[in-house]
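# Chains, contacts and geometry: an overview
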Amino acid sequence: MVLDATTTRVSRNGALTLIAAVAVLFAMLSMFTPATARAAEPQGAGLAAAGWTPNLQLAGPKERVHRDVSSADRAYMLSHCAAQYVCVAAGQGDGMHTIYELYYCVERNLSNFIDAGTITNKQTHNATVWLLTQSRERYSWVEPGLQKDVDWRPIWFLQVC
C-alpha cells in the first residue's frame, strides 16, 4: 500500500475525530452512571456523605458529646437532661444527631450548627441560655426548666448562663 501526504492527513484527522467521539461518549456515560448507581443503592445509603459534624468546644471534664444519635435517642436524651446541665441537639444532615451535655458557664462558638435543633435548660438559679448572632447580639433565650426548638441559621454563639 502506498500512502501519500494527503492520505496520512486524513488518517490523522480521522483518528482525532474518533478520539474526540470516544471522549464525548465517555463524558455522556459518566453523566448517567452516578444516577444509575445511586438508584441501585439501598435507601439511606450515601446520606452520610451529605452530612456534616456540628461542633462546639467542651469546657471541662463534666461535659460530654454524643454523635450519631438516632431521633428516638435524641428525644429521650433531651427529655432526661440531667439537673444543672444544658442539653443541646444539632442535626448532622444524615438523619442522625449530635447531643451536647454542657455544664460550665461559658460562651461557646458554634460550628456547623445548620437548620433546626433543640435546647433543654436544666440549670438552676435562674440561669438562662442565650443564643447570640454573629455580632454577639442576643437573638433568643431558653429559660431554666424549659425545652425550646431552635433555628441554628442565625446563631453563632451559645452563652450557657
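Scroll up to find the structure.
Scope of this entry: the structure provided in the associated data block.

Rules behind the numbers
Residues numbered from 1 in each chain as written. Predicted model: local features only at pLDDT ≥ 70, side-chain atom pairs only at ≥ 80, totals over all residues. Heavy atoms only, no water. Pairing = 2+ DSSP bridges. Helix = DSSP H or I, 4+ residues; strand = E, 2+ residues; numbered from the N terminus. Axes fitted to C-alpha atoms, helices over the stretch in contact; angles between N-to-C directions. Contact = heavy atoms within 4.5 Å. Disulfide = S-S within 2.5 Å. Buried < 20%, exposed > 50% of the residue type's maximum accessible area, 1.4 Å probe, protein only. Salt bridge = Lys/Arg side-chain N within 4 Å of Asp/Glu carboxyl O. Phe/Tyr/Trp six-rings, centres within 6.5 Å; stacked < 30°, edge-to-face > 60°. Lys NZ or Arg CZ within 6 Å of the ring centre and 35° of its normal.

### Concerning the sheet that holds strand 3 (residues 97-102)
- Reading across from one edge, 1-3-2-5-8 is the order of the five strands in this open sheet, with antiparallel pairing throughout. Unpaired on one side and paired on the other, strand 1 (64-69) and strand 8 (147-151) mark the two borders of the sheet. Each strand of the sheet is rotated relative to its neighbour by a mean of 15 degrees, with strand direction disregarded.
- Contacts from helix 3 (residues 71-79) reach strand 1, strand 2 (86-91), strand 3, strand 5 (116-121) and strand 8, with the element oriented near 155 degrees to strand 1.

### Points about the state of the cysteines
- Applying the stated criterion to the full structure yields two disulfides.
- With its sulfur 2.1 Å from that of its partner, Cys81 forms a disulfide with Cys87. The S-S bond linking Cys81 to Cys87 shows a torsion near 90 degrees; that makes this disulfide right-handed.
- Its relative accessible area of 2% is what places Cys87 among the buried residues.
- Bridging Cys105 to Cys161, the disulfide has an S-S length of 1.7 Å. With Cys105 in the loop between strand 3 and strand 4 (107-109) and Cys161 in the segment after strand 9 (157-160), this residue pair connects regions lying 56 residues apart in the sequence.
- If one numbers only the bonded cysteines of the chain, in the order they occur, the disulfide pattern is 1-2, 3-4.

### Structural notes on the pattern of salt bridges
- Applying the stated rule across the entire model yields four salt bridges.
- Arg136 is paired through a salt bridge with Glu107; the nearest N and O atoms lie 2.7 Å apart. Taken as a pair, Arg136 in the loop between strand 6 (129-132) and strand 7 (138-142) and Glu107 in strand 4 lie far apart in primary sequence, 29 residues in all.
- On the basis of relative accessibility, which here comes to 29%, the residue Glu107 falls in the partly exposed class.
- For Asp151, the salt bridge goes to Arg153, with nearest N and O atoms at 2.9 Å.

### Structural notes on the packing of aromatic side chains
- Within the structure shown, the criterion is met by five aromatic pairs.
- When the centroid spacing of 5.2 Å and the interplanar angle of 85 degrees are considered together, the rings of Tyr103 and Tyr104 count as edge-to-face.
- Using a relative accessible area of 22% as the deciding quantity, one classes Tyr104 as partly exposed.
- Ring centres of Phe113 and Trp152 lie 4.9 Å apart, and the angle between their planes is 85 degrees; this geometry places the pair in the edge-to-face category. Of the two residues, Phe113 is situated in the loop between strand 4 and strand 5 and Trp152 in the loop between strand 8 and strand 9; the sequence distance between them amounts to 39 residues. Accessibility assignment for this pair places Phe113 and Trp152 in one class, buried.
- A connected cluster of aromatic rings, assembled from ring pairs, spans Tyr85, Tyr103 and Tyr104.
- The ring of Phe157 is capped by Arg136, whose NZ or CZ atom sits 3.9 Å from the centre of that ring.
- If you follow Arg138 out to its NZ or CZ, it ends over the ring of Trp130, 3.8 Å from the centre.

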